Amino acid sequence: SSGINAEYGGILPLTVDPSSFLISPTRKPSVVVVGAGISGLAAARQLHMFGYRVKVLEARDRIGGRIWDDQSLGCCVAKGAQIITGCINNPATLMCKQLGVPLHSIKDNTCTLFEEDGEAVTPETDRRTDFHFNALLDAVAEWKLERLNLAKARNENRDTAATTSSKVSLEEKLAELHKLTLSQGRQSFTDDEKRLIQFHMSNLEYACGAPLNKVSAMWWDQNEEYSQFTGDHAFLHRGYSTLMDGLAEGLDIHLGQEVTKIDYSGDKVIVRTNKDEHLTDKVIVTLPLAILQSEDVNFNPPLPDWKVHCYNRIGAGCIEKIAMKFPRNFWAGKVKRADFFGHVPSSEELRGMFTIFYDMNTPNVDGPHVLMSIICGDALSYRKETSSANIVKNCVSLLRNMFQDVPEPEDFWVTNWSRDRYSKMSYSYMSLSSSGKDYDHMAAEVEDKVFFAGEATNRRFPQTATGAYLSGIREACKIVERGYSVPEI
């Protein structure tokens with residue numbers, strides 16, 4: 001069992017008797033949850049536990065949303081989330097333990113970096129460049145603190161006072177600070193080190209889900225102002241599916257129900273889909289940010305300006321994955337059973353193309369030989385213009401420069417989240433016009449009838465499956481703790 005804490009939106013040991021919250025048989029509020037991703041299932045499960053009538057509407061023919069585990073290559077390769085970021089006290093970790101899902105800790109210090117000619121980056125070069133890049137990020141943080149202190153001295157609101165500073169992109173600020181280091185003669189860099197800096201830039205674009213020239217230098221890491229989950233990151237070799245199935249068990253889930261309109265103009269909320277019409281007291285909307293931005297779902301009355309402006313300010317980020325199954329493991333000799341290895345781009349223009357390769361074989365198991373890599377940043381335009389077969393061809397060509405005797409892959413797939421009808425994105429980021437406050441506005445309900453959940457509504461833990469999960473718990477808490485009830489008709 002899990003209890004609730006509305007202020008922190010998290011899972012805590014149950015300290016109250018759930019029956020004290022249960023609604024009497026004659027007063028049973030109904031809730032429709034739009035979306036069967038992890039946030040929607042979390043909200044539905046929590047409400048179901050407290051006796052609410054809950055119906056989940058999902059446009060796809062499966063649950064999970066942007067959590068989508070694929071078994072077609074002989075092992076689980078997630079097309080969406082597959083990593084838990086920070087295992088200590090993380091509710092995803094707790095659910096894995098409850099359901100017997102094994103976790104594999106990811107060790108960053110085992111990542112070997114290779115140039116395109118196959119030469120491994122020396123430990124000294126790796127350490128020196130890593131130190132410099134982290135120093136640049138520290139300098140960005142100091143610049144941000146100066147801006148916030150100046151706003152405080154002027155008695156200005158911290159979120160709105162930094163609007164001008166927010167227009168500075170993370171790429172622009174990093175380049176400025178890097179040039180400052182060079183001009184002061186404190187450091188010089190070899191060509192190898194310059195390429196390695198591009199590797200780190202690419203990794204940051206992977207983390208942000210967007211090209212750094214679109215990411216706010218002021219707010220890109222706004223969630224770091226709050227305590228984050230600590231400990232190792234962990235890989236779910238069985239994927240998140242077991243967790244999703246556990247959350248979905250016993251819930252009233254309707255697949256193939258594409259929501260087209262949410263009418264909250266009357267006492268009841270009417271949720272219309274491509275098939276049916278659903279009458280409810282409350283609705284929890286867990287649509288991806290990009291779907292809200294595209295206005296694929298009509299709201300009546302239209303959502304208030306403050307809501308529309310905030311979801312249009314936040315960036316809808318995207319990364320794509322490529323997975324390839326090979327007849328043999330050709331990388332083991334160089335990589336030494338590490339969880340992943342890195343590829344240093346030969347130029348800034350190639351940044352974001354296959355920078356990281358994950359070995360998807362379960363440790364200590366003689367399974368299929370599968371590599372998974374990432375396309376991110378400006379390289380996403382290449383994905384939009386190129387067929388999956390040609391992307392794989394180019395990736396294999398790169399691997400053949402790095403390793404000897406690389407065979408043709410037996411099977412492969414490449415994601416296309418940016419063109420996925422029901423997501424159009426991967427995860428959110430802080431754009432040049434946004435601030436952390438926008439996440440709070442995203443989480444705010446409208447007229448006590450329309451509630452919102454999803455990773456883009458969680459200021460503390462955006463961009464993660466855990467953040468999405470906690471947002472669903474948060475919205476369920478609002479409905480339960482406010483004691484909503486209606487007379488049964």
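Residues numbered from 1 in each chain as written. Predicted model: local features only at pLDDT ≥ 70, side-chain atom pairs only at ≥ 80, totals over all residues. Heavy atoms only, no water.

Participant: I tried to follow the overall build of the protein chain on my own but got confused; where do I start?
Facilitator: On a plain count of helices and strands, the protein chain comes out with 15 helices and 22 strands. Taken across its 489 residues, the protein chain has 55% of its residues classed as buried. Considering only intrachain contacts with a sequence separation of at least 6, the fraction spanning at least 24 residues in the protein chain is 75%. When the accessible area of the protein chain is evaluated, it comes to approximately 21500 Å², of which 49% is carbon and sulfur surface. (Helix = DSSP H or I, 4+ residues; strand = E, 2+ residues; numbered from the N terminus. Buried < 20%, exposed > 50% of the residue type's maximum accessible area, 1.4 Å probe, protein only. Contact = heavy atoms within 4.5 Å. Areas by Shrake-Rupley, 256 points an atom, 1.4 Å probe, with all protein chains shown as cover.)

Participant: Explain the sheet that holds strand β8 (residues 233-235) here, please?
Facilitator: Two modes of strand pairing occur in sheets, parallel and antiparallel, and in both the strands are linked by backbone hydrogen bonds. Read across the open sheet, the three strands follow the order β5-β8-β6; overall the sheet is antiparallel. In the strand order of this sheet, the two ends are held by β5 (83-84) and β6 (104-106), each with one partner. Direction of pairing for β5 relative to β8: antiparallel, over a ladder of two bridges. Pairing of Ile83 across the sheet is with Phe235, part of β8. (Pairing = 2+ DSSP bridges.)

Participant: Is there a simple way to think about the packing of helix α2 (residues 91-99) against helix α8 (residues 241-248) in this case?
Facilitator: Any two packed helices are characterised by the angle at which their axes cross and by the distance between the axes. Two elements in contact, α2 and α8, have axes separated by 10 Å at closest approach and are oriented at 80°. Taken together, the axes of α2 and α8 are roughly perpendicular relative to one another. For the pair α2 and α8, contact is made by Ala92, Met95, Cys96 and Leu99 and by Thr242, Leu243 and Leu247, respectively. Its residues assigned to classes, the contact of α2 with α8 shows six nonpolar, one polar and no charged. (Axes fitted to C-alpha atoms, helices over the stretch in contact; angles between N-to-C directions. Parallel < 35°, antiparallel > 145°, perpendicular 65-115°, else oblique. Nonpolar A, V, L, I, M, F, W, Y, C, P; charged D, E, K, R; others polar.)

Participant: I tried to follow the nonpolar core on my own but got confused; where do I start?
Facilitator: The tendency in soluble globular proteins is for nonpolar side chains to be buried as a group. With 52 residues, the main nonpolar core has Leu174, Ile262, Val271, Val283 and Phe299 as its most contacted residues. If you tally residues by element for this core, the top one is helix α3 (residues 123-153), at six residues. If we ignore the near neighbours within four places in the chain, the residues touching Val283 are Val32, Val34, Ile262, Val269, Val271, Lys449, Val450 and Phe451. (Core = buried A, V, L, I, M, F, W, Y, C linked by side-chain atoms within 4.5 Å.)

Participant: Before we go on, may I ask you to explain the packing of aromatic side chains in this structure?
Facilitator: The geometry of two aromatic rings is summed up by the distance between their centres and the angle between their planes. In the structure shown here, the tally under the stated rule is twelve aromatic pairs. For the ring pair Phe340 and Tyr358, a centre distance of 5.5 Å and an interplane angle of 50° mean the geometry is tilted. One end of the pair, Phe340, is in strand β17 (residues 340-343); the other, Tyr358, is in strand β18 (residues 353-359), with 18 residues separating them in the sequence. Residues Phe340 and Tyr358 agree in their burial class; the two are buried. Every member of this aromatic cluster is reached through a ring pair, and the members are Phe114, Phe326, Phe330, Trp331, Phe341, Phe357 and Phe403. Seen from the ring of Trp68, Lys79 lies directly overhead, with NZ or CZ sitting 4.3 Å from the centre. (Phe/Tyr/Trp six-rings, centres within 6.5 Å; stacked < 30°, edge-to-face > 60°. Lys NZ or Arg CZ within 6 Å of the ring centre and 35° of its normal.)

Any functional reading would require information beyond the geometric quantities listed.
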